[in-house]
Amino acid sequence: MAGTILVVDDELLIRDLLYDFFAGQGWSIAVAENGDKALDIIAHKQVDLVLSDIKMREMDGLALTEELKRSHPEIPVVLMT
């Protein structure tokens, strides 16, 4: 198994597109519509990579990355825009 990617984006179309692409490549995918939901998922599930939009309402991708680097520095984060 390839591992788990967490896709974080406030746009449903982008979440669905990335879900379909990476699931088709054999990855297990989790999705979150904002940074708070992403942190909740990470608290309860092993995540190997986070793909996050930079511009989101509420907690943006930069704030999410800062929080993840404090709480889960082992998880790589890729920011998208």
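Right above here is the structure, for reference.
Residues numbered from 1 in each chain as written. Predicted model: local features only at pLDDT ≥ 70, side-chain atom pairs only at ≥ 80, totals over all residues. Heavy atoms only, no water.

## Quick look at the packing of aromatic side chains
Within a pair of aromatic rings, the relevant descriptors are the distance that separates the centres and the angle that separates the planes.
Alright, step 1. Within this structure, the stated rule accounts for 1 aromatic pair.
Alright, step 2. Ring centres of Phe21 and Phe22 lie 5.0 Å apart, and the angle between their planes is 85 degrees; this geometry places the pair in the edge-to-face category.
Alright, step 3. Take Phe21: its relative accessible area is 47%, and that puts it in the partly exposed class.
Alright, step 4. In this structure Phe22 comes out as buried when scored by relative accessible area, which is 19%. (Phe/Tyr/Trp six-rings, centres within 6.5 Å; stacked < 30°, edge-to-face > 60°. Buried < 20%, exposed > 50% of the residue type's maximum accessible area, 1.4 Å probe, protein only.)

## Let's talk about the environment of Arg15
Alright, step 1. On the secondary structure map, Arg15 appears in helix 1 (residues 12-24).
Alright, step 2. Sequence separation between Arg15 and Asp53 is 38 residues, and the spatial gap between their C-alpha atoms is 9.9 Å.
Alright, step 3. Ignoring any residue separated from it by four or fewer positions in sequence, one finds Arg15 in contact with Val7, Asp9, Asp10, Val31, Ala32 and Glu33. (Helix = DSSP H or I, 4+ residues; strand = E, 2+ residues; numbered from the N terminus. Contact = heavy atoms within 4.5 Å.)

Interpretation note: all reported values are geometric properties and have no functional meaning in isolation.
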